[in-house]
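Structural description and commentary
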Amino acid sequence: MNDFHSRQKKLWKISASHARMAQRDQWKEINSLPTERAKRFRYSPRKGVWTEDIVMIKIQKQPFSCGAMRECFLAKKLSNFSTSNDWSNATICVIKRYMEGTNRKTLFDDVRLQMDAKLWGEEYDKHQPPKKVDIMQMAVVEMMDREGNPLFHLENYIEGDYVKYNSNSGYVLDEDARATPQAFSHFTFECSQHRLIVVDIQGVGDLWTDPQIHTYKGTEYGSGNLGTRGMALFFYSHKCNKICQSLNLSPFDLSYHETHLKSDSSSASRRGTLPTGYEEPLDEVNSHNDLCEIAEDEEHSYLPPRYQEGDDDDYFIEECLEESNGEIYMNMDGMKKKLCRSASNGSSDFEVASSGYGSTRRTRTISGMSDHFEYHEMICPPVILEQAPDALNGSQTNGNPIIHKDHHSTNHLRPATVEGNPLLKRSSSASEEVSALKNGLKCVEVGKSILGKIHYDMVVYYDCERFEFDEDSAFFHLETAAECGSLNAIQNISKIYLGLPRDLLPELKLEMCAENLSIGFNFLTTAAEAGDQDAMFSVAKSFFTGVGLPSDKSKDQKRALGYFDHLLENVNDHDAEGGYDSIHHLAPRYGVLAYKAQIYAHGCPGVEKNTNYAGELYNEAAEAAMSCGKGKLATKYYELAEEVWCDED
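Residues numbered from 1 in each chain as written. Predicted model: local features only at pLDDT ≥ 70, side-chain atom pairs only at ≥ 80, totals over all residues. Heavy atoms only, no water.

1. Structural notes on the overall build of the protein
Put simply, the rule is: Numbering of helices and strands runs from the N terminus, with a helix taken as a DSSP run of H or I at least four residues long and a strand as a DSSP run of E at least two residues long. Per-residue accessibility, obtained with a 1.4 Å probe over protein chains only, is compared with the maximum for each type, and a residue is labelled buried under 20%, exposed over 50%, and partly exposed between these values.
A tally of helices and strands in the protein yields 18 helices and 22 strands. Out of the 649 residues belonging to the protein, those deemed buried represent 53%.

2. Some points on the pairing of strand β2 (residues 49-59)
On a regular strand, each side chain points to the face opposite its neighbour's, so the side chains alternate between the two faces of the sheet. So the rule is basically this: Strand pairing is defined by DSSP finding a minimum of two bridges between the two strands.
In terms of burial, β2 is a largely internal element, 9 of the 11 residues being buried. As defined by bridge partners, strand β1 (residues 36-44) adjoins β2 across 9 bridges and the pair is classed as antiparallel. The residue of β2 that forms the bridge with Ala38 is Val55. Following β1, the chain reverses through 4 residues before pairing antiparallel with β2; Gly48 in that reversal takes a positive phi of roughly 70°. Inspection of the sheet shows β2 paired to strand β4 (residues 70-78) by 4 bridges, in the antiparallel sense. Residue pairing for β4: Ile59 is matched across the bridge by Ala75.

3. Points about the nonpolar core
The test is simple: Each nonpolar core is a collection of buried residues, namely Ala, Val, Leu, Ile, Met, Phe, Trp, Tyr and Cys, held together in the definition by side-chain atoms within 4.5 Å. By the convention used here, residues are in contact when the closest approach between their heavy atoms is within 4.5 Å.
In this structure, Leu478, Phe564 and Tyr637 are the most contacted members of the largest nonpolar core, which totals 80 residues. Not counting residues up to four positions away in its chain, the partners in contact with Tyr637 are Tyr590, Gly591, Ala594, Tyr618, Ala621, Ala622 and Ala625. Residues Leu113, Trp120, Trp208 and Cys244 belong to the second largest nonpolar core, which totals 25 residues.

4. Brief notes about helix α15 (residues 557-569)
Given 3.6 residues per turn, any residue in an α-helix points the same way as the ones three and four places further on. How we decide: By definition here, a helix of n residues has an expected span of 1.5 Å times n minus one. Here the arc refers to the set of directions running from the helix axis out to each C-beta atom.
Taking 1.5 Å per residue, 13 residues should reach 18 Å; α15 reaches 18 Å between its end C-alpha atoms and fits that length. Residues of α15 that are buried include every one of Gln557, Ala560, Leu561, Tyr563, Phe564, Leu567 and Leu568, and no others. Axial view of α15: buried residues confined to an arc of 165°, hence all on one face. Elements that come into contact with the buried residues of α15 comprise α13 (514-529), α14 (533-545) and α16 (589-602).

5. Some thoughts on the environment of Gly562
When you line up the elements, Gly562 lands in helix α15. With 26 residues separating them in the primary sequence, Gly562 and Met536 have C-alpha atoms 9.9 Å apart.

6. Considering the pattern of salt bridges
To keep it simple, the criterion reads: Definition used for salt bridges: Asp or Glu carboxyl oxygen within 4 Å of a side-chain nitrogen of Lys or Arg.
This structure, assessed with the given rule, holds 19 salt bridges. For the salt bridge of Arg178 with Asp206, the shortest nitrogen-to-oxygen distance reads 2.7 Å. Here the residue Arg178 occupies a position in the loop between β9 (162-164) and α3 (180-191), and Asp206 occupies one in the loop between β11 (202-204) and β12 (207-208), the gap between them amounting to 28 residues. Of the two residues, Arg178 and Asp206, neither departs from the other in class, the shared state being buried.

7. A closer look at unusual backbone geometry
Positioned with a positive phi, Gln193 is a non-glycine residue whose angle comes to about 55°. Along the chain, Gln193 falls in the loop between α3 and β10 (196-199). Assessed through its relative accessible area of 4%, Gln193 is described here as buried. One non-glycine residue, Tyr221, adopts positive backbone phi at about 65°. Residue position: Tyr221 is located in the loop between β13 (212-215) and α4 (227-237).

8. Details of the packing of α3 against α4
To keep it simple, the criterion reads: Axes here mean lines fitted to C-alpha atoms, for a helix over just the part in contact, with angles spanning 0 to 180 degrees between N-to-C directions. Orientation labels follow simple angle bins: below 35 degrees gives roughly parallel, above 145 gives roughly antiparallel, 65 to 115 gives roughly perpendicular, and whatever is left gives oblique. Handedness of a crossing follows from how the near helix is turned relative to the far one, being left-handed for an anticlockwise turn of less than a right angle and right-handed for a clockwise one. All amino acids are sorted into three groups, where Ala, Val, Leu, Ile, Met, Phe, Trp, Tyr, Cys and Pro are nonpolar, Asp, Glu, Lys and Arg are charged, and the leftover types, Gly among them, are polar.
Here α3 crosses α4 at 135°, and the two axes come no closer than 12 Å. In terms of their interaxial angle, α3 and α4 are classed as oblique. Judged by the twist between their axes, the crossing of α3 over α4 is left-handed. Seen from α3, the contacting residues are Gln182, Ser185, His186 and Phe189; seen from α4, they are Met231, Phe234 and Phe235. Of the residues belonging to the contact of α3 with α4, the class tally is 4 nonpolar, 3 polar and no charged.

9. Re the packing of aromatic side chains
Test applied: Each Phe, Tyr or Trp ring, with Trp reduced to its six-membered ring, pairs with another whose centre is within 6.5 Å; inter-plane angles below 30 degrees give stacked pairs, above 60 give edge-to-face pairs, and intermediate values give tilted ones.
Applying the stated criterion across every chain yields a total of 22 aromatic pairs. Geometrically, the ring pair formed by Tyr43 and Trp50 is tilted, given 4.9 Å between the ring centres and 40° between the ring planes. For Trp50, a relative accessible area of 0% gives the class buried. Members of the aromatic cluster, joined through ring pairs, are Phe41, Tyr43, Trp50 and Phe108.

10. What to know about the side chain of Ser473
The following threshold applies: In protein, a polar contact means a hydrogen-donor-capable atom and an acceptor-capable atom, both N or O and within 3.5 Å, with residues adjacent in sequence counting only if both atoms are side-chain atoms; elsewhere, any N or O pair within 3.5 Å suffices.
One can find Ser473 in helix α11 (residues 471-484). Residue classification places Ser473 among the buried positions, given a relative accessible area of 0%. A polar contact of 2.6 Å, which involves the side chain of Ser473, links it to the side chain of Ser255. In this structure Ser473 touches Ser255, His257, Glu258 and Tyr462, once residues within four positions along its chain are discounted.

11. Quick look at the sheet that holds β11
One open sheet accounts for 4 strands, arranged β6-β12-β11-β9; its pairing is mixed. Here the strands that pair on one side only, and so sit at the sheet edges, are β6 (134-135) and β9.

12. Considering the confidence of the model for the protein
Residues shown with low pLDDT carry predicted positions that ought not to be read at fine detail. Quick note on the threshold: Confidence scores here are pLDDT values: one per residue, from the predictor, ranging 0 to 100.
Averaged over all residues, the pLDDT of the protein is 76; the fraction at 70 or higher stands at 69%. The low-confidence segment residues 266-283 (pLDDT under 50) makes 51 contacts with residues lying over four places distant or belonging to another chain. Confidence over residues 306-398 falls short of pLDDT 50; this stretch has 212 contacts with residues more than four positions distant or in other chains.

13. So, the packing of helix α12 (residues 487-498) against α13
Direction vectors running N to C along α12 and α13 enclose 150°, while the axes themselves pass 8 Å from each other. In terms of axis orientation, α12 runs roughly antiparallel to α13. Crossing handedness for the pair α12 and α13: left-handed. Of the residues in α13, those touching α12 at Leu487, Ile490, Gln491, Ile493, Ser494, Tyr497 and Leu498 are Asn516, Leu517, Ile519, Gly520, Phe521, Phe523, Leu524, Thr526 and Ala527. Class assignment of the residues belonging to the contact of α12 with α13 gives a composition of 11 nonpolar, 5 polar and no charged.

14. Quick notes on the environment of Ala621
Inspection of the secondary structure puts Ala621 in helix α17 (residues 611-627). By relative accessible area, Ala621 is classed as buried at 0%. Among all residues touching Ala621, those that are not within four sequence positions of it are Tyr590, Leu593, Ala594 and Tyr637.

15. Some remarks on the pairing of strand β7 (residues 138-143)
Of all 6 residues making up β7, 6 are buried, and the element is well covered by its neighbours. One ladder, built from 4 bridges, connects β1 with β7; its direction is antiparallel. Its bridge partner being in β7, Ala38 is matched across the sheet by Met143.

See below:
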């Protein structure tokens, strides 16, 4: 109980400091610093537009904190609504500057990432978790009075203990025993249908900043986006807690060794506890098995539930304004402004995240110490400019905000659903994934499962010893990835069962029995059917010669001919997962033509003998060999062409 009372006492002290902050200026030394003009760029993720305006800032000379890439300076920003230059009531902010030079696009991409992550925080809060979360608003500022007009990031200052709960590379904080950050990351993975996961959760309490988003493509949101590899790192260290269970999130499939490794960890057991605070039954996220329907309209499938794109206009600010002699001014001392829903919606006050300093549900109120009342500048756009944010130079605002359309939209990576329906999720469980794929497509479509790619990446991490090597765990994830339709996993697991050389898990050996050979050949056939040219050529040769066929299969030259035809017709050098896949070094065109010529020269069940066509194929093979500098082989093919033509005569 002593720890409990100590924690409550600490929270009350923080709350009291916030109350005192509104009455006196704790950073009055900043008031004496020179005032600088800055061009501010804010991003509206729902509309995909940038708002530009001019603000007045005072920035300290020395940083108060430094990270790996950026240093932080305390600053004050004067509200654009203020009619006086009273800096004692200005907003306390943080200016973040990259210690090493970076391009403009990187700074704008950082803002876009954080604001998109903020949407996922809002979506998480709609399911009534024990503690609601929020992600700080961030903007880009261009210092107009400094040489070179440098660009910085601007955020509101957060008071309290800054904690990093997890990272973008699998780190999970053991000391704080928090369940909310890990459950939030898991939530974003399932509710984005595996297309992304929000990680690198850090901040004060449940008010976070500087998150990172891993996407299934791995190309958006800068160099910190590790793609499915980053997702694999998260799930290797993640242990589902009671919040995950209450949200009906499915546990990620792990091996027996991995499961017991987490169970034996004291930190894992601590992470499984619920945080103290306001609690009520959580709203479960609806499951949906028809993955075909989910993927049909990717561009609009991630707009926020119960909102359509561009619904920023649904928010407005009730301001207590007083008019005097035609001049509008704001009573900063006694006024509170509530961020509310539009009256047309008929809903109650908009509830948002707790800052982490208390445990009761609250409605966000906006005081003179807050910057949120300036939000209405973004919902009154005066003009639309067809200009990307990374090309903004020398724009004139004349005191009015300017709106810029964003040409790098990531709408498909934001929370969304069909209007009127609750958010749909996609399970983290491989068995449910395979079942859903089969229900929608009648078979698992190779190369389409993001979950399969994540399991395959875990195998790669075991192979390169990024994870402590465990053969059973590595093979478990390889099998799971193959079941989900990962082409790379299917290729490698077929080689393991068939005892063929490979680069992945080269030391793993299985018994060469009839059952394993049959399993391996079936996997190889699956890869061939998916268009993998290496597997296609191997399967075709096996059906043509009978060598390498399992006991339950027999020679089938007609089937081999189908694979050879496909190899000759296929001009695409990319496999089912979009990777480069050229067979020319293993089965050059002249070799495939020669195999095809042999089949027509002798005929087989289902294929009529055609020596004239076989001769033409040998001639074509000779010409292809000659163009590759294979003179002797070309001569051989010319001789074979003559032989089959002689047989016809």
